[in-house]
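# Secondary and tertiary structure notes
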Amino acid sequence: MNAQLRHDDLALPLPPPSNDARRRQLGDLTLEDAAVARFNALLAELAPNAPRVSADQLVTLARWLQAQPPGQAVAILSERLARAEQLRRMLNDGDWDVDADMRERARMLTSYLQQVDDLIPDDQPLVGHLDDALLVELAWPAFRDETLDYHDFCRFRSAERPRGTAAERRLAWETACLAEAALLLQRRDVRARRYAGGQPLPALFRVS
């Protein structure tokens, strides 16, 4: 990914619904109602609060993506697919215990991305992975906290190299998190007591 691209440059904005939402032609591909409905059904299972997507919105988003500089368009898609790769690593990491519901939803997401002939077939130039990236983007709030915790655990495991079983290594990370949180609270309390409610400083100089 181009290091000069800002985070804002990698936004994948879902267009607002159109009052005249009849477009469904994406190049030579027609977005069928049944395929769009399956996409939305999967999205609802992954993240119930995510917005539903119409064929018209997908066409609008595809045209927007095609209008971006090629390197930026690829980076926009790649950033979302990299998030999904993080999910795969998390699911396959024996040190990280994912609850059954989260595991199943993550598996459903990664399974969709492995399909070649999905809502937008992967062999479509540039936009072939747009549906994959959009699914990750819209469903990600349901996975964000878990993946942030996992990323922090991986950082801790690499730096501290805790020993023991998987459960013991996870416990070591949780203990370190609690200790760090306690330290932050202590520092905040010290700052509050130092700068608030104290006695005024005595005058060091007096001008006659």
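Our structure's up above, just so we're on the same page.
So, a few notes on the structure that sits alongside this text.

Rules of the game
Residues numbered from 1 in each chain as written. Predicted model: local features only at pLDDT ≥ 70, side-chain atom pairs only at ≥ 80, totals over all residues. Heavy atoms only, no water. Helix = DSSP H or I, 4+ residues; strand = E, 2+ residues; numbered from the N terminus. Buried < 20%, exposed > 50% of the residue type's maximum accessible area, 1.4 Å probe, protein only. Contact = heavy atoms within 4.5 Å. Areas by Shrake-Rupley, 256 points an atom, 1.4 Å probe, with all protein chains shown as cover. Salt bridge = Lys/Arg side-chain N within 4 Å of Asp/Glu carboxyl O. Expected span 1.5 Å × (residues − 1). Phe/Tyr/Trp six-rings, centres within 6.5 Å; stacked < 30°, edge-to-face > 60°. Lys NZ or Arg CZ within 6 Å of the ring centre and 35° of its normal.

The number of helices and strands found in the chain is 7 helices and 2 strands. Along the chain, helices (α) and strands (β) appear in the sequence β-β-α-α-α-α-α-α-α when read from the amino end. Each of the 208 residues in the chain was classed as buried or not, and the buried ones make up 37%. Within the chain, contacts between residues at least 6 apart in sequence are counted, and of these 71% link residues at least 24 apart. Split by element, the accessible area of the chain, about 13300 Å² in all, is 53% carbon and sulfur.

So, on to the pattern of salt bridges. In this structure the tally under the stated criterion is 14 salt bridges. The partner of Arg-157 in a salt bridge is Asp-95, with the nearest N and O atoms 2.9 Å apart. Taken together, the positions of Arg-157 in helix H6 (residues 144-160) and Asp-95 in the loop between helix H3 (70-92) and helix H4 (100-114) put the pair 62 residues apart, joining distant regions of the chain. In this structure, Glu-174 and Arg-170 form a salt bridge, with 3.4 Å as the shortest nitrogen-oxygen distance. With Glu-174 and Arg-170 both in helix H7 (residues 166-195) and 4 residues apart, this pair spans about one turn of that helix. The class of Glu-174 is partly exposed, set by a relative accessible area of 34%. Taken together, the shared-partner salt bridges connect Glu-79, Arg-80, Arg-83 and Glu-137 into one network.

Moving on: helix H2 (residues 55-66). Its 12 residues place the ends of H2 16 Å apart at the C-alpha level, agreeing with the 16 Å of an ideal helix rising 1.5 Å per residue. Buried residues of H2: Ala-55, Asp-56, Gln-57, Leu-58, Val-59, Leu-61, Ala-62 and Leu-65, and no others. Each element contacted by the buried residues of H2 is listed here: strand S1 (25-26), helix H1 (33-46), H3 and helix H5 (130-139).

Turning our attention to unusual backbone geometry. Peptide bonds are, in most cases, trans, and in most cases residues other than glycine have a negative phi. Its identity is not glycine, yet Leu-126 carries a phi of approximately 65°, on the positive side. Here Leu-126 shows up in the loop between H4 and H5. For Leu-126, a relative accessible area of 34% puts it in the partly exposed group. Even without glycine at this site, Arg-161 takes up a positive phi of about 50°. With respect to the element layout, Arg-161 can be found in the loop between H6 and H7.

For the coordinates displayed, the defined rule picks out 6 aromatic pairs. Look at Trp-96 and Tyr-150: their rings are 5.6 Å apart centre to centre, the planes differ by 65°, and that puts the pair in the edge-to-face class. You can see Trp-96 sitting in the loop between H3 and H4 and its partner Tyr-150 sitting in helix H6, a full 54 residues away along the chain. Residue classification places Trp-96 among the buried positions, given a relative accessible area of 2%. Their ring planes at 85° and their centres at 6.0 Å tell us that Phe-153 and Trp-173 sit as a pair that is edge-to-face. Separated by 20 residues along the polypeptide, Phe-153 in helix H6 and Trp-173 in helix H7 bring together distant segments of the chain. On the basis of relative accessible area, Trp-173 is assigned to the buried category, the value being 7%. Here the aromatic residues Trp-96, Tyr-150, Phe-153 and Trp-173 are joined through ring pairs into a cluster of three or more. The ring of Phe-143 has Arg-105 sitting right over it, with the charged end atom 5.4 Å from the ring centre. Note that Arg-170 overlies the ring of Trp-96, its terminal NZ or CZ placed 3.7 Å from the centroid.

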